[in-house]
Amino acid sequence: MTLDFLFVVGLAGIITLGLKSSFIEGQTYFTLPSWLVTALEFVPPAVLCSLIVPNIFKGDPGLVQEFGQVAVDPKPIAAILAAVAFFATKRTIPTIVTGMMSLYLVYWLQI
Amino acid sequence: MLPFLPGIVPFGVVAGFTPVSFGFTWIDSWLGSLLMFAGAAQLATYQLINEDASIWIILLTVTAINLRYVLYSASIAPHLADANRLTRLLAGYGLSDQIYPICHSDYRTHEWGLDERVAYYTGGTLLLWVLWQACTLIGAFAGQIIPVFWSLEFIIPLTFLTLALQTLKTMAHRVTAISGALVSFVGLDLPYSLGLILGAISGVCFGVLYQRATR
């Protein structure tokens, strides 16, 4: 644990507490404009999808680091199959299990 | 609260496990859980630290992911307005995706006094907090013994994928998600993980514009 790490995680904790407490603490001082309330609704899908992309298209999973490169990157295919599993089941665990199994399978089929 | 608990377990274990798979210690991993008590923000923080993203990108991302809490906070606040400062501070820290919908609906359908409202909030939050911290710790310890070739770090995008797909309630949300992902993809090679921030901002803008255009 370095000082830099503590600083970043500490600040992330303070920001999180600030956002969670914003109205519970400060409701007597301010109200949110309605356009901002509308925009906030779209923040989760926008941020989450932007976060997913680099994870799927950049870097090698541990599997590839350990056993070597293959022609077709297994991550995007595994992500698509996981999304299919989500639409079929609407549940977290089957989605993650399908994604991981697909990752292994698509890699294994190419070696 | 009970129906929510089974869903917490895998997410908590992943949140504890993945930082360790990046090379952080179990204490490092647990620290984020203690300080933030917000799974998606924890995962994003460790992932971006691991990618050497700048501190501004990390903090902007944490802010963006946690912006939904402002809405929760605004909705819960009137019910806890008369509580003392320490109670309100702890209520803020314990605010979660699970306690918010429960209190939001039950506070309106019950004629409770302040003490009952605080007790209801505290009971649910405490249960969730203890389970979350326990799962994070179990995940962090498990992470120290599972070899890297299992690629368990890939659970992060899969978890985010599940969370993202759950938010796609309307066409405007789908437009937001697709445009955010596309811009993030185009900006993959930008420095300081700027593609991530541009993707998030443009996703929100496209979602709002689409909603206005179709209203």
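For clarity, every value in this text was computed on a predicted model and none was experimentally measured.

### Re the overall build of chain B
Here is step 1 of the chain: For chain B, the count of helices and strands is 11 helices and 0 strands.
Here is step 2 of the chain: N-terminal to C-terminal, the α/β element order of chain B is α-α-α-α-α-α-α-α-α-α-α.
Here is step 3 of the chain: Taking 2.2 N^0.38 as the reference for a compact globule, 215 residues should give roughly 17 Å; the C-alpha atoms of chain B span a radius of gyration of 19 Å, in line with that estimate.
Here is step 4 of the chain: With the principal axes as the frame, chain B shows a C-alpha extent of 55 × 50 × 30 Å.

### Some points on unusual backbone geometry
Negative phi values dominate among residues other than glycine, just as trans dominates among peptide bonds.
Here is step 1 of the chain: Non-glycine residue K90(A) carries a positive phi angle of around 60°.
Here is step 2 of the chain: Within the secondary structure layout, K90(A) lies in the loop between helix 5 (74–89) and helix 6 (92–108).
Here is step 3 of the chain: Positive phi outside glycine occurs at S151(B), with the angle close to 55°.
Here is step 4 of the chain: Relative to the elements of secondary structure, S151(B) occurs in the loop between helix 8 (114–143) and helix 9 (155–166).
Here is step 5 of the chain: Exposure remark for S151(B): the 23 C-beta atoms within 10 Å place this residue in the buried category.

### Quick look at the interface of chain B and chain A
Here is step 1 of the chain: Chain B puts 73 residues into the contact, and the matching count from chain A is 59 residues.
Here is step 2 of the chain: If one sorts the elements of the side of chain B that touches chain A by residue count, helix 9 of chain B sits on top with 11 residues.
Here is step 3 of the chain: Taken together, the residues of the side of chain B that touches chain A sort by class into 50 nonpolar, 19 polar and 4 charged.

### Comments concerning the confidence of the model for chain B
Here is step 1 of the chain: Looking at chain B, the pLDDT average stands at 90 and 97% of residues meet or exceed 70.
Here is step 2 of the chain: With pTM at 0.78, the complex prediction returns an ipTM value of 0.88.

### A closer look at the domain arrangement of chain B
All names here are of chain B.
Here is step 1 of the chain: Looking at the assigned domains, one finds that chain B contains domain 1 (1–149) and domain 2 (167–215).
Here is step 2 of the chain: On a C-alpha basis, the centroid separation for the pair domain 1 and domain 2 is 25 Å.
Here is step 3 of the chain: Of the residues lining the interface, 8 residues belong to domain 1; the matching set on domain 2 comes to 5 residues.
Here is step 4 of the chain: With 4 residues, the single largest contributor to the side of domain 1 that touches domain 2 is helix 4 (residues 55–66).
Here is step 5 of the chain: Residue composition of the side of domain 1 that touches domain 2, by class: 5 nonpolar, 2 polar and 1 charged.

Rules behind the numbers
Residues numbered from 1 in each chain as written. Chains lettered and ligands numbered in written order. Predicted model: local features only at pLDDT ≥ 70, side-chain atom pairs only at ≥ 80, totals over all residues. Helix = DSSP H or I, 4+ residues; strand = E, 2+ residues; numbered from the N terminus. Rg over C-alpha atoms; globule rule 2.2 N^0.38 Å. Buried ≥ 20, exposed ≤ 12 C-beta atoms within 10 Å, placed from the backbone. Contact = placed C-beta atoms within 7 Å. Nonpolar A, V, L, I, M, F, W, Y, C, P; charged D, E, K, R; others polar. pLDDT = per-residue confidence, 0-100. Domains from an automatic or database assignment.

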